[in-house]
Amino acid sequence: MKHFTFVRLSFALPILFLVGCAANSNNPVADELPQARDPLSTSFKALGQAGLERLQQDDTQRICSEYEGRELPTDLMMAIIKSSTDSVVFPADGNFMGDWETGKKIAETGTGLQSNDDPSIPNGGNCYACHQMAPDEFAYGTLGLPLVNYGKLRGTSEAILKYTWTRLWNSHAYNACSHMPRFGANGVLSEQQLKDVMAFLFDPKSPVNKEVAVQ
Amino acid sequence: MKIFGYILITLIASVPPHLAKAEEDIFAEYRAMFGDDSPAVLVEMDGEALWSAPGGEKNVSLETCDLGLGPGVVDGAYAQLPRYFSDTDKVMDLETRLLWCMETIQGMDTFELHDRPFSEQGSAQTALEQLSAFIAARSNGVQINVPQGHPKEVEAFESGRRLFNFRAGPHDFSCATCHSQDGKRIRLQSLLQLNDPKGAKQSFSTWPAYRISQGPFELLNGEWPTAPDNKDSRAGLWIRVCN
């Protein structure tokens, strides 16, 4: 990973709340891509927990930035899918399901990791920013797919549990350059929080799986 | 936007469902809030007074400042910014250029403005905000036409495009995450597709703008990873050029 040299730091713009972390694939093709340059290194200063290391991209971020909106060449796509799949850590106790009520709060909460957030408070998942979930919650975004009745429609087979866990851990395992944050791989949500979110998606008592009201 | 509209998102989250539709209409309406009764008009008037007021060590006004269309020409200047200026050999946006004029023409000490170019919520507008409001308003109705004739202007455009797509941080976000599709929303808040002329124009023709989710007045620059004392103003340029 290349590092930026921070020549002069002027303004705090906590727009990009970034952290360099996660998988490096050591892909030679990726290394040839140019890096975004100095405006970043001259326009930011560290603020609170948002340190300047957040400006360092890992390979996935770098490749996806370079090809944003365009189709990836197959070798890069395969490299991202492989490193993302390899990054997934399944629950040590083999149990995917936590508490749906806690999961509901995580899905609703948008705070965490910004410079002005208290790092001792657990991060939110902010799922509603992008997904429709419980059918009676109207304030949902549309960047992601609707997840209404997720568990009811998909069941709870081992395969679907693993698929969903992987989506949450590192969505690029299924779709290289996915727009969904890598909640597990980037350490946004803890293993227990991911289990709680899983329960929110799958538990038959969770509002996500309530009857959809007929209009 | 410094906090990505999360304040607003939190607000919206507590809106009862039957009001949700009404809320959405409000967002559509707020873009139309730039007419005569917009609070921005007062800021523009302050800016106009500032433009012609003598100041700085040399005790002269900014009226000879060249915003790209010749010394003192304000009408239509904002619609062609950012652009290359040969006297500085740099691509400059409105705010950068204003600071430069204050320093060189007026001999003004701009340290404080560099340090705090934009007002915080609830506090008074900075001189930069007032001047920008006045100048931008004098491009109302003018076709946005950001020059791309100089190599440095092309370079700034390319750099802006790169910045727009730069993904980083724990959420892997770039501007494109939220602004590269038409008709999408975050919670209930509609997002403009800014890498498309239609969306970009909708946003740019209404900047500097009155925002609902932030203080009364905010400059575009405050929202971007560029700063007035930056070498050039790239992200802004890229999107403005889309028009």
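Because the structure is a prediction, the values reported are computed rather than measured.

Definitions and cut-offs
Residues numbered from 1 in each chain as written. Chains lettered and ligands numbered in written order. Predicted model: local features only at pLDDT ≥ 70, side-chain atom pairs only at ≥ 80, totals over all residues. Heavy atoms only, no water. Patch = residues over 30% accessible without salt bridge, like charges linked within 9 Å, V, L, I, M, F, W, Y side chains within 5 Å. Areas by Shrake-Rupley, 256 points an atom, 1.4 Å probe, with all protein chains shown as cover. Salt bridge = Lys/Arg side-chain N within 4 Å of Asp/Glu carboxyl O. Lys, Arg positive; Asp, Glu negative; His and termini not counted. Charge placed at Lys NZ, Arg CZ, Asp CG, Glu CD. Helix = DSSP H or I, 4+ residues; strand = E, 2+ residues; numbered from the N terminus. Buried < 20%, exposed > 50% of the residue type's maximum accessible area, 1.4 Å probe, protein only. Phe/Tyr/Trp six-rings, centres within 6.5 Å; stacked < 30°, edge-to-face > 60°. Lys NZ or Arg CZ within 6 Å of the ring centre and 35° of its normal. Contact = heavy atoms within 4.5 Å. Disulfide = S-S within 2.5 Å. Axes fitted to C-alpha atoms, helices over the stretch in contact; angles between N-to-C directions. Parallel < 35°, antiparallel > 145°, perpendicular 65-115°, else oblique. Nonpolar A, V, L, I, M, F, W, Y, C, P; charged D, E, K, R; others polar. pLDDT = per-residue confidence, 0-100. Expected span 1.5 Å × (residues − 1).

1. A few points about a negative patch on the surface
Residues and elements named next belong to chain B.
Step number 1: A cluster of acidic side chains, namely E57, E103, D109, E112 and D115, defines a negative patch on the protein surface.
Step number 2: By secondary structure assignment, the location of D109 is in the loop between α4 (94–106) and α5 (111–115).
Step number 3: Note on D109: relative accessible area 67%, which makes it exposed.

2. Points about the packing of aromatic side chains
The geometry of an aromatic ring pair is captured by two quantities: the separation of the ring centres and the angle between the planes.
Step number 1: According to the stated counting rule, one finds six aromatic pairs over all chains in the structure shown.
Step number 2: Centroid distance Y163 of chain A to Y174 of chain A: 4.7 Å. Interplanar angle 55°. Geometry classified as tilted. Taken together, the positions of Y163 of chain A in helix α7 (residues 158–169) and Y174 of chain A in the loop between α7 and α8 (191–202) put the pair eleven residues apart, joining distant regions of the chain.
Step number 3: Overall, Y163 of chain A belongs to the partly exposed group, its relative accessible area being 22%.
Step number 4: The ring of F90 of chain A has K162 of chain A lying over it, and the distance from NZ or CZ to the ring centre is 5.3 Å.
Step number 5: Taking NZ or CZ as reference, R185 of chain B lies 4.9 Å from the ring centre of Y140 of chain A, over its face.

3. Considering the side chain of N149 of chain A
Step number 1: For N149 of chain A, the location among the structural elements is in the loop between α5 (100–108) and α6 (150–154).
Step number 2: For N149 of chain A, the contacting residues outside a window of four places in its chain are M133, V208, N209, K210 and V212 of chain A.

4. Section: the environment of P82 of chain B
Step number 1: The residue P82 of chain B is located in the loop between α3 (40–52) and β1 (83–85) in this model.
Step number 2: On a C-alpha basis, the gap between P82 of chain B and M92 of chain B in space is 5.3 Å, while along the polypeptide they are ten residues apart.

5. A closer look at the pattern of salt bridges
Two side chains of opposite charge can pair, provided their charged atoms sit close to one another.
Step number 1: For the structure shown, the criterion picks out 16 salt bridges over all chains.
Step number 2: A salt bridge links R162 of chain B to E66 of chain A; the shortest N-O distance between them is 3.1 Å. Residue R162 of chain B is located in helix α7 (residues 151–164), and its partner E66 of chain A is located in helix α3 (residues 59–67); the two belong to separate chains.
Step number 3: A relative accessible area of 28% places R162 of chain B in the partly exposed class.
Step number 4: Given a relative accessible area of 21%, E66 of chain A falls into the partly exposed group.
Step number 5: Here D203 of chain A and K205 of chain A are joined by a salt bridge, their closest N and O atoms 3.8 Å apart.
Step number 6: Looking at D203 of chain A, the relative accessible area reads 15%, which means it is buried.

6. Points about the side chain of D172 of chain B
Step number 1: Relative to the assigned elements, D172 of chain B resides in the loop between α7 and α8 (175–179).
Step number 2: Exposure remark for D172 of chain B: the relative accessible area of 1% places this residue in the buried category.
Step number 3: Among residues more than four places away in sequence, those in contact with D172 of chain B are Q61, H172, P181, R182 and N186 of chain A together with R167 and T177 of chain B.

7. What about the state of the cysteines?
Step number 1: Considering all chains together, one arrives at two disulfides over all chains under this definition.
Step number 2: The disulfide partner of C64 of chain A is C177 of chain A, and the S-S distance across this bridge is 2.1 Å. When the S-S torsion is -90°, as for the bridge of C64 of chain A with C177 of chain A, the disulfide is left-handed. Pair noted here: C64 of chain A is in helix α3 and C177 of chain A is in the loop between α7 and α8, with a separation of 113 residues, a long-range link.
Step number 3: For C177 of chain A, a relative accessible area of 18% translates into the label buried.
Step number 4: With a sulfur-sulfur separation of 2.0 Å, C65 of chain B is cross-linked through a disulfide to C101 of chain B. Here the disulfide of C65 of chain B and C101 of chain B is right-handed, its torsion about the S-S bond being about 75°. With C65 of chain B in the loop between α3 and β1 and C101 of chain B in helix α4, this residue pair connects regions lying 36 residues apart in the sequence.
Step number 5: According to the relative accessible area criterion, C65 of chain B is buried, its value standing at 0%.
Step number 6: Classification of C101 of chain B by relative accessible area gives buried; the value is 0%.

8. Let's talk about the packing of α3 of chain B against helix α6 (residues 127–137) of chain B
Residues and elements named next belong to chain B.
Step number 1: At a closest axis distance of 7 Å, the pairing of α3 and α6 adopts a crossing angle of 100°. The orientation of α3 with respect to α6, classified from their angle, is roughly perpendicular. On the side of α3, the interface is formed by V43, E44, D46, G47, E48, L50 and W51, while α6 contributes A127, E129, Q130, L131, A133, F134, I135 and A137.
Step number 2: Residues belonging to the contact of α3 with α6 are distributed by class as follows: nine nonpolar, two polar and four charged.

9. A look at the confidence of the model for chain A
Step number 1: For chain A, per-residue confidence averages 82 on the pLDDT scale, and 79% of positions sit at 70 or higher.
Step number 2: Across residues 1–37 of chain A the pLDDT falls below 50, and counting only partners more than four positions away or on other chains, this stretch makes 120 contacts in the model.

10. Remarks on α7 of chain A
Residues and elements named next belong to chain A.
Step number 1: Across its twelve residues, α7 extends 16 Å between first and last C-alpha, which sits within 8% of the 16 Å expected from 1.5 Å per residue.
Step number 2: Within α7, the full set of buried residues consists of I160, L161, T164, W165, T166, L168 and W169.
Step number 3: Where the residues of α7 are buried, they touch α4 (74–87), α6 and α8.

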